[in-house]
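Coordinate inspection notes
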Amino acid sequence: MRAAAIGVALAGLGIATYLTVVHYAGGEPVCAVAHGCATVQQSDYASLAGVPVALLGVLGYLGVLAALARDGEAWRTAAAFVSLAGLAFSGWLTYVEVGILDAICIWCVGSAICMALLTVLTVARMLRAEPGGAVSAS
Amino acid sequence: MSKQAVIERRRAARIESERAERARASRTKRLWRLGAAAAAAAVLAAGAVAVSSNGGAKPAPPATTSSLLAGIPENHGVLGDPKAPLTLTEYVDLQCPICARAAQSTLPALIRDDVRSGKVKLQVRTLSFLGADSVRAARVAAGAERQGRLWAFLEAFYARQGTENSGYVTDGFLRDVSKAAGVDAGQAIGQADSAFASGRLERADADATRMNVQGTPTLTVKRGNGPERVLTTSPLDAAAVQAELDREAAR
């Protein structure tokens, strides 16, 4: 379960890093499936208090990876906490895309899916841990 | 069963009971932790959402465009009867504050008295020399033109005009303007990078160069297929513009 969570977090980190690089390079994300990437990327909602949300995504995934790198109840809780917060904010951003901007950024959808998977994995890992720290097999 | 076996069984049962109790306590503790983590995550996310939605909000503009344009035909960005004898062309930059003033002080009377009566038709050339916000605005205005809502878009844009080159012409702002103007924002913004929009900007630049336009707003008039000439009166003086148009019509 831990290995799966690390894999998903790395995938999310890749997406968030790409979007951050595109943001600072001033370009537009490659948008092969849907065609709203530039609209989303250039909207008011692409930054939070001046910080690109893509960069917040990078920090979030790094936070989850850092928590996954260690064991113990506190770290499992930390991983679940960051994933839950990320999922809640991803949910808001997905609503913004569909309900306000009327534009879908496939990269953002990909990141939201990663965050949802990560939440399931980190919460399950937290709940299934044996007393004392070890995570039961499966 | 020997006494020793009974003692062993009781001991094993006690150990099992204690183990189950520890497991139950641990599960309860983890659920509390998860609840606390979820609550903290919800608070954090709610704060982020509040900042995010506030960043997307704009000062409250007028809710709708005026009824000034109601019922007046618009064809390919030309407002009024296509057969109107006089063509008044306005050279503007959507970021230019004096253009906004002219749109509010001079154009309403012209539209009400001369365009609506079929004497004058209005067209606009959206220049974009002030900066990136002008370019974006002009391109999306071209998208509004394709929907036959250019003049409503201009009116709504001027009503919300922000500080020059402050980066205020965002997609959120343009959606707001589009909504007020009855323009499909998704389509208009989607066409901002189209060849049509590029063509409109190029045409505006070419016409401004041809007419030696030195600033915005500049008004020009043309009778029928005659030559286009720059009005000599101030675009902010509605009465003087009207008088000059009357003279042109009477020539």
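Residues numbered from 1 in each chain as written. Chains lettered and ligands numbered in written order. Predicted model: local features only at pLDDT ≥ 70, side-chain atom pairs only at ≥ 80, totals over all residues.

What to know about the overall build of chain B
- Scanning chain B from N- to C-terminus turns up nine helices and six strands.
- Counting over 251 residues, chain B shows a buried share of 38%.
- In chain B, the proportion of contacts linking residues at least 24 apart, taken out of those at least 6 apart, comes to 78%. (Helix = DSSP H or I, 4+ residues; strand = E, 2+ residues; numbered from the N terminus. Buried ≥ 20, exposed ≤ 12 C-beta atoms within 10 Å, placed from the backbone. Contact = placed C-beta atoms within 7 Å.)

Description of the overall build of chain A
- Looking only at helices and strands, one finds five helices and two strands in chain A.
- For chain A, the α and β elements follow one another from N to C terminus as α-α-β-β-α-α-α.
- Of all 138 residues assigned to chain A, the portion counted as buried reaches 45%.
- Nonlocal contacts in chain A, meaning residues at least 24 apart in sequence, comprise 72% of its contacts between residues at least 6 apart.

A closer look at the interface of chain B and chain A
- Across the contact, 24 residues belong to chain B and 22 residues belong to chain A.
- Secondary structure elements with two or more residues in the side of chain B that touches chain A: helix 1 (3–56), helix 6 (171–181) and helix 7 (185–190) of chain B.
- Class assignment for the residues of the side of chain B that touches chain A results in 13 nonpolar, seven polar and four charged. (Nonpolar A, V, L, I, M, F, W, Y, C, P; charged D, E, K, R; others polar.)

Some thoughts on the pairing of strand 4 (residues 120–127) of chain B
All names here are of chain B.
- The buried count for strand 4 comes to seven of eight residues, which makes it a mostly enclosed element.
- Judged from the eight bridges that link them, strand 3 (residues 86–93) and strand 4 form a sheet pairing that is parallel. Bridge pairing in strand 4 links E90 to V124. (Pairing = 2+ DSSP bridges.)

Examining the packing of helix 4 (residues 132–146) of chain B against helix 8 (residues 195–210) of chain B
All names here are of chain B.
- Put simply, helix 4 and helix 8 touch, their axes get as near as 9 Å, and they point 115 degrees apart. When the interaxial angle is binned, helix 4 and helix 8 end up roughly perpendicular. Crossing of helix 4 over helix 8 shows right-handed handedness. Each of A138, R139, A142, G143 and R146 in helix 4 lies in contact with helix 8, whose residues at this interface are F196, A197, R200 and L201.
- Taken together, the residues of the contact of helix 4 with helix 8 break down into five nonpolar, one polar and three charged. (Axes fitted to C-alpha atoms, helices over the stretch in contact; angles between N-to-C directions. Parallel < 35°, antiparallel > 145°, perpendicular 65-115°, else oblique. Left-handed = near helix turned anticlockwise from the far one by under 90°.)

Considering unusual backbone geometry
Residues and elements named next belong to chain B.
- P217 follows T216 through a cis peptide bond whose omega is 0 degrees.
- Of note in the backbone geometry, N165 takes a positive phi value of approximately 55 degrees without being a glycine.
- The residue N165 is located in the loop between helix 5 (150–160) and helix 6 in this model.
- Here N165 falls in the partly exposed class, since 13 other C-beta atoms lie within 10 Å of it.

A closer look at the packing of helix 4 of chain B against helix 5 of chain B
All names here are of chain B.
- Two elements in contact, helix 4 and helix 5, have axes separated by 8 Å at closest approach and are oriented at 140 degrees. Taken together, the axes of helix 4 and helix 5 lie oblique to each other. For the pair helix 4 and helix 5, contact is made by A137, A141, A144 and E145 and by L150, F153, L154 and F157, respectively.
- For the contact of helix 4 with helix 5, the per-class residue count stands at seven nonpolar, no polar and one charged.

Brief notes about the environment of T119(A)
Residue and element names in this part refer to chain A.
- Relative to the assigned elements, T119 resides in helix 5 (residues 106–128).
- With 25 C-beta atoms counted inside 10 Å, the residue T119 sits in the buried group.
- For the pair T119 and A79, spaced 40 residues apart in sequence, the C-alpha to C-alpha distance is 8.4 Å.
- Each residue touching T119, except ones within four places of it in the same chain, is listed here: S83, L84 and L87.

Notes on the confidence of the model for chain A
- Summarising the model, chain A shows a mean pLDDT of 82, and 81% of its residues fall at 70 or more.
- The least confident element of chain A is helix 2 (residues 37–41) of chain A, whose mean pLDDT is 70; the most confident is helix 3 (residues 53–68) of chain A, at 93. (pLDDT = per-residue confidence, 0-100.)

Observations concerning helix 6 of chain B
All names here are of chain B.
- Counting buried positions over the 11 residues of helix 6 gives 10, a clear majority of the element.
- Residues of helix 6 that are buried: D171, G172, F173, L174, R175, D176, V177, S178, A180 and A181.
- G182, located one to two residues past helix 6, shows a positive phi value of around 75 degrees.

Focus on the pairing of strand 5 (residues 218–223) of chain B
All names here are of chain B.
- Of the pairings in the sheet, the one linking strand 3 to strand 5 comprises six bridges and is antiparallel in character. Considered in strand 5, the bridge of Y91 is made with T218.
- Strand direction decides the pairing type here: strand 5 and strand 6 (residues 229–230), joined by two bridges, are antiparallel. Residue pairing for strand 6: T220 is matched across the bridge by V230.
- Counting the residues that bridge the hairpin from strand 5 to strand 6 gives five residues, and of these G224 lies at a positive phi of roughly 55 degrees.

Some thoughts on the nonpolar core
- The biggest cluster of nonpolar side chains holds 54 residues, and the ones touching the most others in it are A141(B), F153(B) and L154(B).
- In this structure, A141(B) is in contact with L94(B), T126(B), L150(B), F153(B) and L154(B), ignoring residues within four places of it in sequence. (Core = buried A, V, L, I, M, F, W, Y, C linked by C-beta atoms within 7 Å.)

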